[in-house]
Amino acid sequence: MARAVTNKRKTINTIAAWAIGLLIFFPILWTILTSFKTEATAIAYPPKFLFFDWTLENYSVVQERSNYGRFLWNSIIIAGGSTLLGILVAVPAAWSMAFVPSKRTKDILLWMLSTKMLPAVGVLYPIYLLFIQLGLLDTRTGLVVVLMLINLPIIVWMLYTYFREIPGEILEAARMDGASLKSEILYVLTPMAIPGIASTILLNFILAWNEAFWTLNLTAAKAAPLTAFIASYSSPEGLFFAKLSAASTMAILPILILGWFSQKQLVRGLTFGAVK
Amino acid sequence: MATQHSRSAARLMMAPAVVLLLGWMLVPLTMTLWFSFRKYLPLRGGDLGWVGFDNYVRFVSSSSFWPSVQTTLVIVGGVLAITIVFGVLLALLLDQPMWGQGMVRILVIAPFFVMPTVSALVWKNMFMDSSNGLFAHLWRAFGAAPVEWLSQASLPSLILIVSWQWLPFATLILLTAVQSLDGEQLEASEMDGANPLQRFGYIILPHLSRAITIVVLIQTIFLLSIFAEIFVTTGGAFGTRTLTYLIFQRVLESQNVGLGSAGGIYAVILANIVAIFLMRIVGKNLDA
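Conventions adopted
- Residues numbered from 1 in each chain as written.
- Chains lettered and ligands numbered in written order.
- Predicted model: local features only at pLDDT ≥ 70, side-chain atom pairs only at ≥ 80, totals over all residues.
- Heavy atoms only, no water.
- Axes fitted to C-alpha atoms, helices over the stretch in contact; angles between N-to-C directions.
- Helix = DSSP H or I, 4+ residues; strand = E, 2+ residues; numbered from the N terminus.
- Parallel < 35°, antiparallel > 145°, perpendicular 65-115°, else oblique.
- Left-handed = near helix turned anticlockwise from the far one by under 90°.
- Contact = heavy atoms within 4.5 Å.
- Nonpolar A, V, L, I, M, F, W, Y, C, P; charged D, E, K, R; others polar.
- Phe/Tyr/Trp six-rings, centres within 6.5 Å; stacked < 30°, edge-to-face > 60°.
- Buried < 20%, exposed > 50% of the residue type's maximum accessible area, 1.4 Å probe, protein only.
- Buried area = accessible area lost by both parts, 1.4 Å probe.
- Salt bridge = Lys/Arg side-chain N within 4 Å of Asp/Glu carboxyl O.
- Polar contact = N/O pair within 3.5 Å; in protein donor to acceptor, adjacent residues only side chain to side chain.

Novice: Outline the packing of helix H7 (residues 140-164) of chain A against helix H9 (residues 181-210) of chain A, supporting the account with residue identities and numerical values.
Specialist: Helices that pack against each other are described as a pair by the angle of their axes relative to one another and the distance between those axes. All names here are of chain A. The interhelical angle for the contact between H7 and H9, taken along N-to-C directions, is 155°, at an axis separation of 10 Å. Between H7 and H9, the crossing angle belongs to the class labelled roughly antiparallel. Between H7 and H9 lies a crossing of right-handed hand. Residues Leu 147, Asn 151, Ile 154, Ile 155, Met 158, Leu 159, Tyr 162 and Phe 163 of H7 pack against Ala 193, Gly 196, Ile 197, Ser 199, Thr 200, Leu 203, Asn 204, Leu 207 and Ala 208 of H9. Looking at side-chain class alone, the contact of H7 with H9 contains 12 nonpolar, 5 polar and no charged residues.

Quick look at the structure:
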């Protein structure tokens, strides 16, 4: 009897959750479906959901029109480069804050996060001028540096959270057993730190991939990543639903897949471990 | 454990991050402050000298200033309200036993990974377009006249788009908090005759307060500076000009760096007021 009630409730839950889930996911699904339609089918009334002639034409048109490959490559280099650079700077900092905390550690952490609140638009022109002076405008190097800086506070915070969860006693025990500094780092600390570092890399890559303000304002043609590629479809001449959908799908699919794989780490990383 | 030696090593390890962020904060900010006191028109004569507080007065007294502050607060407030209310409900639902829980969760969090430029364009064209958008089809199916969403209901439309992007984040964080609820406490209260509403108000909501704080903090940081969504949908027209967007227009579109910089300083002040308030809460949570 109790079991039947549970099953009934489970069914209701399932239906409700799937309905809402599909509703939320619908814009993405619709975009992907539309990318396989012809322009005429894309705006057909009543709209066609699954039963239409599937075509790959939009993808080749988009690739020809705007050289998707180059934008994709820029996105990879910029997101990857800024993440790598950020990790190199942040790991030692977070490490020392977690293992050698001082009275000011908390203040430094809060100050770092506060730089994230500096409105980007307020400092856009100075950065723009500096970039012209340094020859960094419309270069991948320039964007790597800027995106590294804007995400650095988040990286430090995330790593700090992860490192703090590594118990100090384990280190002391290893020392008691006569482990050298090298084997201490190599065999004790690294294996425990790697999962945290990996999820930080993942999240930072996603943030850098989707960042639009700086990429739109500091690039023109050469270094423009996918955010700029897609923004070029906002002009009236680009208003073709099927092509827009194909371009959108090409821009979001890599990061969507990456995001799905990392969803568990995301919560801890994004909340600095404050929510368990 | 911390010796003098390890302390100085720690300082050395922290130095690059601290120096970089300090530079990132101070250099452009000082320049912005400097420009804000000058008449600076890159395309019309360049730097034309010191003007004192003229830019500040002009920026505040311009007819678009207060509306832009209001728009900013309406968008941030609207998105926060929607994502938290629906985030809590959705988190509670997703916590229930069901079939295919993992798959549903993946569907729900997907929008979070969608590039803001993409999501804005997709909503604008494929849903809110007044002749071929799906909403137009839907309205027509019910015999109603299609709505020009982004011009007639621009702010609600924008809030809808941004909420769609941030609801997954709120849900994900709140779901994690819901999962750590004490089941026994809930059962005990049920036995004591507490109705669902009471259980929600006295047990679930207080338990979620910390997660809600975090959601408010992170979202506010990002929402105060939303740009791409406005850039590709309305371009700041139809009352969707936030403070960020107004400054962007002054600096880049009308090439008035002095005026824009004064606006930038106002934005920094606004962000700091919000930040002080938020930092207190986070600082408190950090201790626990």
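From this point, the narrative continues.
Novice: An account of the environment of Met 279 of chain B is needed here, citing residue identities and associated values.
Specialist: On the secondary structure map, Met 279 of chain B appears in helix H13 (residues 257-287). Met 279 of chain B sits 62 residues away from Leu 217 of chain B along the chain, and the two C-alpha atoms are 8.3 Å apart. Here Met 279 of chain B is in contact with Leu 110, Leu 113, Ser 114 and Met 117 of chain A, once residues within four sequence places are set aside.

Novice: Describe the packing of aromatic side chains, with residues and values.
Specialist: Within the structure shown, the criterion is met by 36 aromatic pairs over all chains. Aromatic side chains Trp 95 of chain A and Phe 163 of chain A sit 4.8 Å apart centroid to centroid with 75° between the ring planes, which places their arrangement in the edge-to-face category. In this pair, Trp 95 of chain A is assigned in helix H4 (residues 68-99) and Phe 163 of chain A in helix H7, connecting sequence segments 68 residues apart. Judged by centre distance (5.3 Å) and plane angle (20°), the ring pair of Phe 227 of chain B and Phe 231 of chain B falls under stacked.

Novice: Outline the environment of Phe 112 of chain B, supporting the account with residue identities and numerical values.
Specialist: Residues and elements named next belong to chain B. Residue placement: Phe 112 occurs in the loop between helix H4 (101-109) and helix H5 (116-127). A relative accessible area of 17% places Phe 112 in the buried class. Sequence separation of Phe 112 and Pro 168 is 56 residues, and the distance between their C-alpha atoms is 5.8 Å.

Novice: Summarise the interface of chain B and chain A; cite the residues concerned and give the values.
Specialist: Each partner contributes to the interface: chain B provides 96 residues, whereas chain A provides 96 residues. Summed over both partners, the interface of chain B with chain A comes to about 8900 Å²; 82% of that surface belongs to carbon and sulfur atoms. Looking only at chain B, the three residues that lose the most surface to chain A are Trp 24, Trp 99 and Phe 113 of chain B, adding up to 10% of its buried area. On inspection of chain B and its partner chain A, the count reaches 0 salt bridges. Across the contact surface, chain B and chain A share 8 residue pairs in polar contact (both at pLDDT 80 or more). In terms of residue count, helix H1 (residues 4-36) of chain B provides more of the side of chain B that touches chain A than any other element does, 19 residues in total. Taken together, the residues that form the side of chain B that touches chain A break down as 76 nonpolar, 13 polar and 7 charged.

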